[in-house]
Amino acid sequence: AQSVTQLDSHVSVSEGTPVLLRCNYSSSYSPSLFWYVQHPNKGLQLLLKYTSAATLVKGINGFEAEFKKSETSFHLTKPSAHMSDAAEYFCVVSPIYNFNKFYFGSGTKLNVKP
Amino acid sequence: DVKVTQSSRYLVKRTGEKVFLECVQDMDHENMFWYRQDPGLGLRLIYFSYDVKMKEKGDIPEGYSVSREKKERFSLILESASTNQTSMYLCASSRGTGSYEQYFGPGTRLTVT
């Protein structure tokens, strides 16, 4: 069975400080993993994806994530938060044996304080 | 750039009306999806299509139907709208096989009164 757990429903950081959004997954096989961002009243935009190549994945807008198989984690980080990063972030898992299936985490709302 | 467009950003309908939500993608993707997004419930899959005229039920298909007559277009139909179908509806598309990501449309916020 597949599942995704985003460990924090809300995260608040100050502008210029690091961002850490946590995601753990359960999967019988090595999955594909994605992070999406959603700004208010908008669709989801892909930030980055892991598909069994390098374990450290760089995405857009300075975000990156590290796939740690032993910890079944795929945490999203950014060295320095910007006000425009305030949004909701979703971790998504797709099992390698069923590419048409996507499991969404419940989302983490990131607040960036000036 | 992949583009997924949805016919309306905001829609207000009355209870009992038949509602059509249209989604079009321009990247020749095989797969298309309809989700609804509600606060506290996240994204839930309504229906999925992997080819023209092919569809599969998702997690919450009750009260909905879909149509895919052309590869680029995937329609969501609310046969008789009810107030509990007030929600944000998101369409997505992806390539057929392999570890491919989904591309999302901007969403349609539907209010049923």
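Once a new chain begins, its residue numbering starts again from 1 and follows that chain's sequence as written. Just so you know, chain letters begin at A and ligand numbers begin at 1, following the order they were written in. Only residues with pLDDT of at least 70 get local features here, since the model is predicted, and only at 80 or more are side-chain atom pairs given and counted; chain-wide, interface and lining totals rely on the full set of residues. The basis for the side-chain values is all heavy atoms of the structure; hydrogens and waters are excluded.

Asker: Would you mind going over the pattern of salt bridges with me for this structure?
Answerer: A side chain of one charge can pair with a side chain of the opposite charge when the charged atoms of the two come close. Residues and elements named next belong to chain B. By definition, a salt bridge exists where a carboxyl oxygen of Asp or Glu is found within 4 Å of a side-chain nitrogen of Lys or Arg. Under the defined criterion, the tally for this structure stands at 11 salt bridges over all chains. With its nearest N and O atoms 3.8 Å apart, the salt bridge here joins E30 to K71. Here E30, found in the loop between β3 (19-25) and β4 (31-38), pairs with K71, found in the loop between β7 (64-70) and β8 (73-78); they are 41 residues apart in sequence, far enough to count as distant. For each residue, the accessible area found with a 1.4 Å probe, counting protein chains only, is set against the maximum for its type, and the residue is called buried under 20%, exposed over 50%, and partly exposed in between. The class for K71 is partly exposed, based on a relative accessible area of 25%. Only DSSP runs of H or I with at least four residues qualify as helices, and only runs of E with at least two residues qualify as strands; both kinds are numbered from the N terminus onward.

Asker: It is not clear to me how the side chain of Q25(B) should be interpreted in this structure. Could you clarify?
Answerer: Residue and element names in this part refer to chain B. Among the structural elements, Q25 can be located in strand β3. Polar contacts here mean pairs of N or O atoms no more than 3.5 Å apart (in protein, one a potential hydrogen donor and the other a potential acceptor; neighbouring residues in sequence count only if both atoms are side-chain atoms). There is a polar contact of 3.2 Å between the side chain of Q25 and the backbone nitrogen of D28. A contact between two residues is defined here by any heavy atoms of the two lying within 4.5 Å. Setting aside residues no more than four positions away along its own chain, Q25 makes contact with K3, V4, M32, R68, K71, E72 and S93.

Asker: Explain the layout of surface pockets to me, please; I cannot follow it from the model alone.
Answerer: Where empty space is left in the structure can be found by rolling a water-sized probe over the atoms. Put simply, the largest pocket is a space of about 530 Å³. Counting only elements with at least two residues in the lining of the largest pocket, the list comes to β10 (87-94) of chain A together with β4, β9 (87-94) and β11 (108-112) of chain B. The element contributing the most residues to the lining of the largest pocket is β10(A), with 3 residues. Amino acids are sorted into nonpolar (Ala, Val, Leu, Ile, Met, Phe, Trp, Tyr, Cys and Pro), charged (Asp, Glu, Lys and Arg) and polar (every other residue, Gly among them). Of the residues that constitute the lining of the largest pocket, the class distribution is 7 nonpolar, 12 polar and 5 charged. Here the term cavity refers to a set of points on a 1 Å grid, laid over the protein atoms alone, in which a 1.4 Å probe fits but cannot get out; the term pocket refers to an open set having protein on both sides within 12 Å along at least five of seven lines, with lining residues being those that place an atom within 4 Å of a point. Grid points are joined across faces, edges and corners, and a volume is the space filled by probe spheres set on the points.

Asker: Could you clarify how one ought to interpret the interface of chain A and chain B in this entry?
Answerer: When the parts come together, some accessible area is lost, and that loss is often what is quoted as the size of the interface. Contact with chain A, which involves 17 residues of that partner, is made by 24 residues of chain B. Overall, the association of chain A and chain B removes approximately 1,700 Å² of surface from exposure, summing both partners, and the carbon and sulfur fraction of that is 54%. Applying the counting rule to chain A against chain B returns 1 salt bridge. The salt bridge partner of E101(B) is K49(A), with a shortest N-O separation of 2.7 Å. In this structure, the connection of chain A to chain B is made through 6 residue pairs in polar contact (both at pLDDT 80 or more). Elements that contribute at least two residues to the side of chain A that touches chain B include exactly β5 (32-38) and β6 (44-50) of chain A. With 4 residues, β5(A) is the largest single contributor of residues to the side of chain A that touches chain B. A simple way to read buried area is as the amount of 1.4 Å-probe accessible surface that goes missing from two parts once joined, with both sides added.

Asker: When you look at the nonpolar core in this model, what are you seeing that I'm missing?
Answerer: Generally speaking, a soluble globular protein has its nonpolar side chains buried in company with each other. W35(A), L48(A), L76(A) and Y89(A) are the most contacted members of the largest nonpolar core, which has 26 residues in total. The element contributing the most residues to this core is β10(A), with 4 residues. Excluding residues within four positions of it along the chain, L76(A) makes contact with V19(A), L20(A), L21(A), W35(A), L47(A), L48(A), F63(A), E64(A), A65(A) and Y89(A). Put simply, buried Ala, Val, Leu, Ile, Met, Phe, Trp, Tyr and Cys residues joined by side-chain atoms within 4.5 Å make one nonpolar core. Counting 20 residues, the second-largest nonpolar core is a separate cluster that includes L11(B), W34(B), L76(B) and L110(B).

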